Amino acid sequence: MKFRTRAIHVGSEPDETGAVIPPIYLATTFIQPGAGEWGTFDYSRSGSPTRARVEKVLADLEGAAGALAFSSGMAATHCAMMLLEAGSHVIASNDIYGGTYRLLHKICSRNQIEVSLVPAHDAESIADAIRPNTKMVWIESIGNPLITIPDIPAIASITRPAGILLGVDSTFVPPAILRPIELGADIVMHSATKLLGGHSDCLAGVLAARDRQLHDRLYYTQNATGAVLGGLESFLLHRGIKTLSLRVREQSSTALRIAQWLEQHPRVRRVLYPGLASHPQHARARNYMGDQFGTIISFELTGDIAETKRVCSATKLFGLAVSLGAVESLIEQPATMSHASYDSAARAAAGISDSLIRLSVGLEDADDLIADLDQAIGS
Amino acid sequence: MHDSITVDSKPAPTPNQSSSQQPHRAGPSTVSVHAGEARQKPNDAITDSICCSSTYTFDSTQSILDYIHEKQDREEYGRYGNPNEKVVERKLAALDGAEDAILYSSGMAAIVGLLMTKLNAGDEIVFFDECYHRSREFCFKHLSRFGVVTHQVKTGDFDAMNAAINDRTKMIVSESPTNPHLTVVDLEQFVALGKERGVETLIDATLASPFNIQPLEYGVDYVWHSATKYLGGHNDLLAGVISGSKEKLEPVRKLRGILGCINAPHNMYLLERGLKTFALRMQRHNENGQRVAEFLASHPRVEHVYYPGLPSHPTHAIAKRTMKGFGGLITFLVRDADWRQTGSIIDACRIPRIGPSLGGVESLIEQPMVMSYFDYAPEQRAKFGIADNMIRMSCGIEDADDLIADLEQALSQS
Ligand SMILES: Cc1ncc(COP(=O)(O)O)c(C=O)c1O
Ligand SMILES: Cc1ncc(COP(=O)(O)O)c(C=O)c1O
């Protein structure tokens, strides 16, 4: 069956009540068949019926051996990083999400985990950074906020023979568009807070693993450390997934229209969107993403930081906020908001300028969004 | 008060154009996402919070007095209203192009609330006979106990409806499209008759949804939706809504406060969340409905298809003139099949689940003769146009290719 049909039905199989929408289980513990005998569920940190259903559909959609739902994206990334040990080395892309940058540099570093940042859209830079103790490469399927596109198969062909795990944070590119495991990744991570949940109302994270053994290692860590997704959020996430492919298709096509419109605007210096022919990795994006290039656009104004701030505050439909991927469109300034946890040297090195603006394109009509940007940018 | 969105934005300008065009109404998807909500919410949250409070406190006796004298727009007690239902009411009013909308705990609660307000002993009401059967049953069996007289005439027969109206008649009622025959009623004629005879008009637009038609534009007095269907859209809540003018709805709202059939805040949050994708879902329901109907119409095992988007439907011309799309509900007859053979086709389907209701993202399928009319005598079923070989399918938002492949395999079995 096709993606959208599976997104609606897998994990929603009927239970004994016949409910089309399975009941929401909030139980923290489950009665067992006998002392020392275990039923399917025992204690909800280890697994619960509502979470298991959303994990099932996530694994199916990602083409993974299994999926795990976490209380946030960061909890998921942290769980993946706990596969490492003191002395391990991680290579990450130099335009990763600010929170992942902080996790690697301020938290993982306490456990003597070393980090190198490289421009991951250039697979050679990853090959060059490998050391004998390199255990993990962590990239985003679209870099953030510079919207770079890594060559996942090329990177996998470097990591796999070297026994290095390849983790892909695919928050910007949900499985409706791209499935990193099919391209050679070992672990796919999502901040499900974004497109998967899709409605700006549940904080959640996902890890999906290529094979059963890796899944079991991640599950062991999740259960041991406990950052699991609760029953109500599991339900909301699952509900969001039912409209995932519709939302993503519509939001991507709106984003493309907005990017094209911005590109001709005299007050816009450059637009970063993989669907534009001007994007440096446009051909690669087309190859891996087909005709849907995601919902995030970054662009630079011709004005200074003050002018950038003004524009970010002048929109009426786009809300001024971090986060992304939901039905409501958002606007933000990475230098002062999503990427403020980078130090300024790292920001400069990555090319995150003060006049950069990031848009998360929602589900409003494209005409309405363009009119809003038009009045905010002014002439 | 709340700074709710009226989105008076312009059509997409080209960058060099001056922005001096006429303001236009925001598109349906923008309305679905934003209308009715405060731009800036408490705690600056992007989504509305769920307010479960059963009662609301006053900081002083004076503020109670202000409230009583209607100087203060605020909540008092959960039976009269809550912030979550008010947001959704504003959103639904915007979608329906209405001044006001009132939400209820189910579609039936909504029509009961309206009719209990508007009809008194001695009043009469006339239905087209394909209206949702429970709404007619409520009038025939229960309003009759309070002295209200109910008539029904053949759907679309305006002469018969005209003849059934007398000087005690207060309201005429139609569904459009109807269920399961998908008859589309000419709203111009319906409203003209109501105006001419001085009676109010009520349309059950559940199967059309505000995306496909806006009956208030035609001058209908009240629009009724079971929001359990397309508006909620996820098969996970019950709700009903009546929309219309503030003036006409004010006493209806007052009675709701007495009867207590208000919906709960948690449910209202789910409805608001579901409405965010309403326009998008409707586009897909319309596309899937049309494609599946065309497939069925060309299938040798299918004797007849009822779908207003097909030229073969008797009300296709009206539908085409007045509706943006024709929804996800399709009824069809299986050629040379008895009720058992018809049931086995349903049993062979793998995607749609067997069950009543419609309008959710999951497709559903059922045999009206078994699901809703099993206890009726064959002559009664014939009178309602319910054939033994009839199947009703509510297309969800799955891929049309998958739905068609599934029906194909089900029809080729048994
Ligand atoms: C690309 C990316 N990865 C990870 C995260 C972290 O996820 P969460 O906020 O759900 O912890 C975010 C969002 O904040 C993100 O944008
Ligand atoms: C056309 C129509 N009107 C009204 C209703 C009643 O709505 P509810 O089930 O929400 O009470 C239904 C559904 O049952 C319906 O299909």
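Please read these numbers as outputs of a predicted model, since none were measured by experiment. Numbers given for residues are sequential positions, taken from 1 along each chain in its written order. Lettering for chains starts from A, numbering for ligands starts from 1, and both go in the order in which the items are written. Given that the model is predicted, a residue must reach a pLDDT of at least 70 before its local features are reported, and side-chain atom pairs must reach 80 or more before they are shown or counted; all residues, however, enter totals for whole chains, interfaces and linings. Side-chain numbers come from the whole structure's heavy atoms, not from hydrogens or water.

**Considerations on the sheet that holds strand 1 (residues 100–104) of chain B**
Residues and elements named next belong to chain B. Reading across the sheet, the seven strands line up as 1-7-6-5-4-2-3 and stay open at both edges, with mixed pairing between neighbours. Each of the sheet's edge strands pairs with one partner strand only, and the pair in question is strand 1 and strand 3 (149–153). Geometrically, the sheet is characterised by an average inter-axis angle of 20 degrees between neighbouring strands, direction not taken into account. Relative to strand 5 (residues 200–204), strand 4 (residues 169–175) is paired through five bridges, and the arrangement is parallel. The residue of strand 5 that forms the bridge with Ser174 is Ile203. Along the sheet, helix 5 (residues 133–142) contacts strand 2 (124–128), strand 3 and strand 6 (222–226); its crossing angle with strand 3, the most-contacted strand, is approximately 140 degrees. DSSP calls a pair of strands paired once it identifies at least 2 bridges connecting them. Only runs of H or I of at least four residues qualify as helices and only runs of E of at least two qualify as strands under DSSP, and these elements are numbered from the N terminus. Axis definition: a line fit to C-alpha positions, over the contact stretch in the case of helices; interaxial angles, taken between N-to-C directions, run 0 to 180 degrees. By definition, residues are in contact when any of their heavy atoms lie within 4.5 Å.

**Here's the deal with the interface of chain B and chain A**
Taken together, the 49 residues of chain B in the interface contact 47 residues of chain A. For the pair chain B and chain A, the two sides together bury roughly 4100 Å², of which 56% comes from carbon and sulfur. One speaks of a salt bridge when a side-chain nitrogen belonging to Lys or Arg is within 4 Å of a carboxyl oxygen belonging to Asp or Glu. Taken together, the links from chain B to chain A amount to five salt bridges. Residue Lys242 of chain A is joined to Glu362 of chain B by a salt bridge in which the shortest nitrogen-to-oxygen separation is 2.5 Å. By the criterion applied in these results, polar contacts are pairs of N or O atoms within 3.5 Å in which, for protein atoms, one can donate a hydrogen and the other can accept it, and in which residues neighboring in sequence qualify only through two side-chain atoms. The interface formed by chain B and chain A contains 26 residue pairs in polar contact (both at pLDDT 80 or more). If you list the elements that add at least two residues to the side of chain B that touches chain A, you get helix 1 (28–34), helix 10 (265–275), helix 11 (278–297) and helix 16 (400–412) of chain B. Considering only residue class, the side of chain B that touches chain A consists of 19 nonpolar, 17 polar and 13 charged. Once two parts are joined, some of their accessible surface, as seen by a 1.4 Å probe, is lost; buried area is that loss totalled over both. Only Asp, Glu, Lys and Arg are considered charged in this grouping, and only Ala, Val, Leu, Ile, Met, Phe, Trp, Tyr, Cys and Pro are considered nonpolar; every other residue, Gly among them, is considered polar.

**Observations concerning the domain arrangement of chain A**
Interface size is often expressed as the accessible area that is lost when the parts come together. All names here are of chain A. Per the domain assignment, the segments of chain A are domain 1 (3–242) and domain 2 (244–377). An automatic or database domain assignment is the source of the domain bounds shown. Distance between the C-alpha centres of domain 1 and domain 2: 25 Å. Contacts between the two partners involve 41 residues from domain 1, matched on the other side by 40 residues from domain 2. On the surface where domain 1 and domain 2 come into contact, there are one salt bridge. The salt bridge involving Arg284 is made with Asp151; its shortest N-O contact spans 4.0 Å. Between the two partners, domain 1 and domain 2, sit 18 residue pairs in polar contact (both at pLDDT 80 or more). Counting only elements with at least two residues in the side of domain 1 that touches domain 2, the list comes to helix 1 (3–9), helix 4 (98–107), helix 6 (152–159) and helix 8 (231–242). For the side of domain 1 that touches domain 2, the class distribution of residues is 23 nonpolar, 12 polar and six charged.

**Description of the site of ligand 1**
Residue and element names in this part refer to chain A. Surveying the vicinity of ligand 1 reveals 13 residues, the closest of which are Met74, Asp169, Ser191, Thr193 and Lys194. For ligand 1, an oxygen atom lies 2.8 Å from a polar atom in the backbone of Gly73. Mapped onto the shell around ligand 1, the elements with two or more residues apiece are helix 3 (73–81) and strand 6 (187–191). For the shell around ligand 1, a count of residues per class yields five nonpolar, five polar and three charged. By convention in these notes, a residue is near a molecule or strand provided one of its non-hydrogen atoms lies within 4 Å of it.

**Observations regarding empty space enclosed by the protein**
Residue and element names in this part refer to chain A. Site definitions follow a grid-based scheme: protein atoms alone, a 1 Å grid, a 1.4 Å probe that fits but cannot get out for cavities, and for pockets an open set with protein on both sides within 12 Å along at least five of seven lines, plus lining residues having an atom within 4 Å of a point. Grid points are joined across faces, edges and corners, and a volume is the space filled by probe spheres set on the points. In total, this model carries four cavities of 30 Å³ or more according to the counting rule given. Its boundaries defined by the atoms lining it, the largest cavity holds a volume of some 120 Å³. Elements that contribute at least two residues to the lining of the largest cavity include exactly helix 2 (49–62) and helix 8. Take the lining of the largest cavity: its biggest share by element is four residues, from helix 8.

**Regarding the domain arrangement of chain B**
All names here are of chain B. What the domain assignment lists for chain B is domain 1 (19–276) and domain 2 (283–411). Distance between the C-alpha centres of domain 1 and domain 2: 27 Å. Contacts between the two partners involve 24 residues from domain 1, matched on the other side by 32 residues from domain 2. When the area that domain 1 buries against domain 2 is broken down by residue, the three leading residues are His181, Asn212 and Tyr230, summing to 24%. Here domain 1 is connected to domain 2 by one salt bridge. For Asp186, the salt bridge is made with Arg321, and the minimal N-O distance between the two is 3.2 Å. Across the domain 1-domain 2 interface, the total number found is 13 residue pairs in polar contact (both at pLDDT 80 or more). Sorting the residues of the side of domain 1 that touches domain 2 by element identifies helix 5 and helix 8 (209–212) as the ones contributing at least two each. A per-class count over the side of domain 1 that touches domain 2 returns 12 nonpolar, eight polar and four charged.

**Some details on the pattern of salt bridges**
Overall, the coordinates contain 41 salt bridges over all chains when judged by the stated rule. A salt bridge links Glu37 of chain B to Lys91 of chain B, with the shortest nitrogen-to-oxygen separation between them at 2.8 Å. Placement of Glu37 of chain B in the loop between helix 1 and helix 2 (61–68) and of Lys91 of chain B in helix 3 (residues 83–96) is noted, with a sequence separation of 54 residues between them. The same class applies to Glu37 of chain B and to Lys91 of chain B, which are both buried. Notably, a salt bridge pairs Asp123 of chain B with Lys170 of chain B, separated by 3.0 Å at the nearest N-O pair. Residue Asp123 of chain B is located in the loop between helix 4 (107–118) and strand 2, and its partner Lys170 of chain B is located in strand 4; the two are separated by 47 residues in the primary sequence. We call a residue buried when its accessible area falls under 20% of the maximum for its residue type, exposed when it is over 50%, and partly exposed in between, using a 1.4 Å probe and counting protein chains only. Judged by relative accessible area, which is 8%, Asp123 of chain B ranks as buried. Sharing partners across several salt bridges, the network here consists of Glu328 of chain A together with Glu37, Lys41, Lys91 and Lys276 of chain B.

**What about helix 13 (residues 339–348) of chain B?**
All names here are of chain B. All of the buried residues in helix 13 are Thr342, Gly343, Ile345, Ile346 and Ala348. Each element contacted by the buried residues of helix 13 is listed here: strand 9 (329–334), strand 10 (353–354), strand 11 (364–366), strand 12 (390–394) and helix 16. Structurally, the start of helix 13 carries an N-cap: the backbone nitrogen of Arg340 is 3.1 Å from a side-chain oxygen of Asp338.

**Some points on the state of the cysteines**
Residue and element names in this part refer to chain B. Cysteine sulfur atoms are paired as a disulfide whenever they fall within 2.5 Å. This model, assessed by the stated rule, comprises zero disulfides over all chains. Left unpaired, Cys261 is separated from the closest cysteine sulfur, that of Cys139, by 15 Å. Residue classification places Cys261 among the buried positions, given a relative accessible area of 15%.

**Things to note about unusual backbone geometry**
Looking along the chain, the bond that leaves Asn144 of chain A and enters Pro145 of chain A is cis, with omega of 10 degrees. Of note, Pro145 of chain A is situated in the loop between strand 4 (134–140) and helix 6. Residues other than glycine seldom take positive phi values, yet Asn235 of chain B does so here, at roughly 55 degrees. On the accessibility criterion, Asn235 of chain B (18% relative accessible area) is buried. Phi angles above zero are rare outside glycine, and Ser357 of chain B is one such case at about 80 degrees. For Ser357 of chain B, the position within the fold is in the loop between strand 10 and strand 11. By relative accessible area, Ser357 of chain B is classed as partly exposed at 23%.

**Some remarks on the packing of helix 3 of chain B against helix 10 of chain B**
Relative orientation and spacing of two packed helices are given, respectively, by the angle between their axes and the distance between those axes. All names here are of chain B. At their nearest, the axes of helix 3 and helix 10 sit 8 Å apart, and the two run at 35 degrees to each other. You can see that helix 3 and helix 10 cross each other, and the crossing is left-handed. Every residue of helix 10 that contacts helix 3 at Asn84, Glu85, Val87, Val88, Lys91, Leu92 and Leu95 is listed here: Pro265, Met268, Tyr269, Leu271, Glu272 and Leu275. Across the contact of helix 3 with helix 10, the residue classes tally to nine nonpolar, one polar and three charged. The handedness criterion is simple: a crossing whose near helix is rotated anticlockwise from the far helix by less than a right angle is left-handed, and one whose near helix is rotated clockwise is right-handed.

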